[in-house]
Amino acid sequence: MAQALRPNTAGGLFATDGKPHPLQDTLMAVTLVLGITSFITAMFHHLHLLSSWTGLVGILTGAYGQWISVTTRERFGLVLGLGAAAVGFFLGMAHGGLFG
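Residues numbered from 1 in each chain as written. Predicted model: local features only at pLDDT ≥ 70, side-chain atom pairs only at ≥ 80, totals over all residues. Heavy atoms only, no water.

> Kindly report on the overall build of the chain, identifying the contributing residues and their values.
Secondary structure summary: the chain contains three helices and zero strands in total. Along the chain direction, N to C, the helices and strands of the chain fall in the order α-α-α. Considering the chain as a whole, with its 100 residues, one finds that 33% of them fall into the buried category. Across the chain, every contact between residues at least 6 apart in sequence was considered, and the portion connecting residues at least 24 apart equals 78%. (Helix = DSSP H or I, 4+ residues; strand = E, 2+ residues; numbered from the N terminus. Buried < 20%, exposed > 50% of the residue type's maximum accessible area, 1.4 Å probe, protein only. Contact = heavy atoms within 4.5 Å.)

Below, the structure is given as C-alpha cells:
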C-alpha cells in the first residue's frame, strides 16, 4: 500500500517525463495550426490552394513530429493535427489541387 502514499507526479492523462521538449512541442503546435487552417479553408472551394498546401506541409510536419515524439501528450496533439491536415489536404486536392 506504499504506492498510495506517493504523490502523482505524472500530471494526469497525458503523462510527461518532466523534461522540456521544445522541438517536439513546436512541431506539435505547428502541426495543429496547419491542420486547423487546412481543415477550415477546405470548406471553401476557392481556397483550395491554401487548403492543399497547408495540408501537405501539416502532414509532413506531423509525420516528422510523430517520428521524434517522446510523450503521449505530444503524440495526441500530433494525431489531431495530422487528421485535420489530411482531411484539408484531400478536400483541397478534390477542389482544385496544389497548382490550381
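So, next bit.
> So what's going on with the pattern of salt bridges? Residues and values would help.
The final tally for this structure, using the stated rule, is one salt bridge. For R73, the salt bridge identified is with D25, shortest N-O distance 3.1 Å. Of the two residues, R73 sits in helix 3 (residues 72–95) while D25 sits in helix 1 (residues 22–41), which places them 48 residues apart along the sequence. (Salt bridge = Lys/Arg side-chain N within 4 Å of Asp/Glu carboxyl O.)

> Hey, could you go over helix 1 for me, with residue numbers and the actual values?
Between its first and last C-alpha, helix 1 extends 28 Å over 20 residues, near the 28 Å set by a 1.5 Å rise per residue. Residues Q24, L27, M28, T31, L34, G35, S38 and T41 constitute the buried set of helix 1. (Expected span 1.5 Å × (residues − 1).)

> Pulling in residues and values, what's your account of the side chain of T31?
As for its position among the elements, T31 is in helix 1. Within polar-contact distance, the side chain of T31 engages the backbone nitrogen of G62 at 3.4 Å. In contact with T31, other than residues within four places in its own chain, are G58, T61, G62, L78, G81 and L82. (Polar contact = N/O pair within 3.5 Å; in protein donor to acceptor, adjacent residues only side chain to side chain.)

> I'd like to hear about helix 2 (residues 48–68), residue by residue, with values.
Compared with an ideal rise of 1.5 Å per residue, which puts 21 residues at 30 Å, helix 2 spans 30 Å between its outermost C-alpha atoms and is within 8% of the ideal. For helix 2, the full list of buried residues reads H48, S51, S52, T54, G55, G58, T61, G62, G65 and I68. Structurally, helix 2 contributes buried residues whose contacts are with helix 1 and helix 3.

> For a nonpolar patch on the surface, give the residues involved together with the corresponding values.
Side chains of I36, F39, I40, M43, F44, V87 and L91 sit close together on the surface and give an oily, nonpolar patch of about 610 Å² of accessible area. Those elements that provide at least two residues to the nonpolar patch are helix 1 and helix 3. By the secondary structure assignment, M43 is in the loop between helix 1 and helix 2. (Patch = residues over 30% accessible without salt bridge, like charges linked within 9 Å, V, L, I, M, F, W, Y side chains within 5 Å. Areas by Shrake-Rupley, 256 points an atom, 1.4 Å probe, with all protein chains shown as cover.)

> Give a detailed account of the packing of aromatic side chains, specifying residues and quantitative values.
The final tally for this structure, using the stated rule, is three aromatic pairs. On the basis of an interplanar angle of 80° and a centroid distance of 5.7 Å, the ring pair of W53 and F99 is categorised as edge-to-face. Of this pair, W53 sits in helix 2 while F99 sits in the segment after helix 3, and the two are 46 residues apart along the sequence. Overall, the relative accessible area of 37% leaves W53 in the partly exposed class. Residue class for F99 comes out exposed when judged on its relative accessible area of 75%. (Phe/Tyr/Trp six-rings, centres within 6.5 Å; stacked < 30°, edge-to-face > 60°.)

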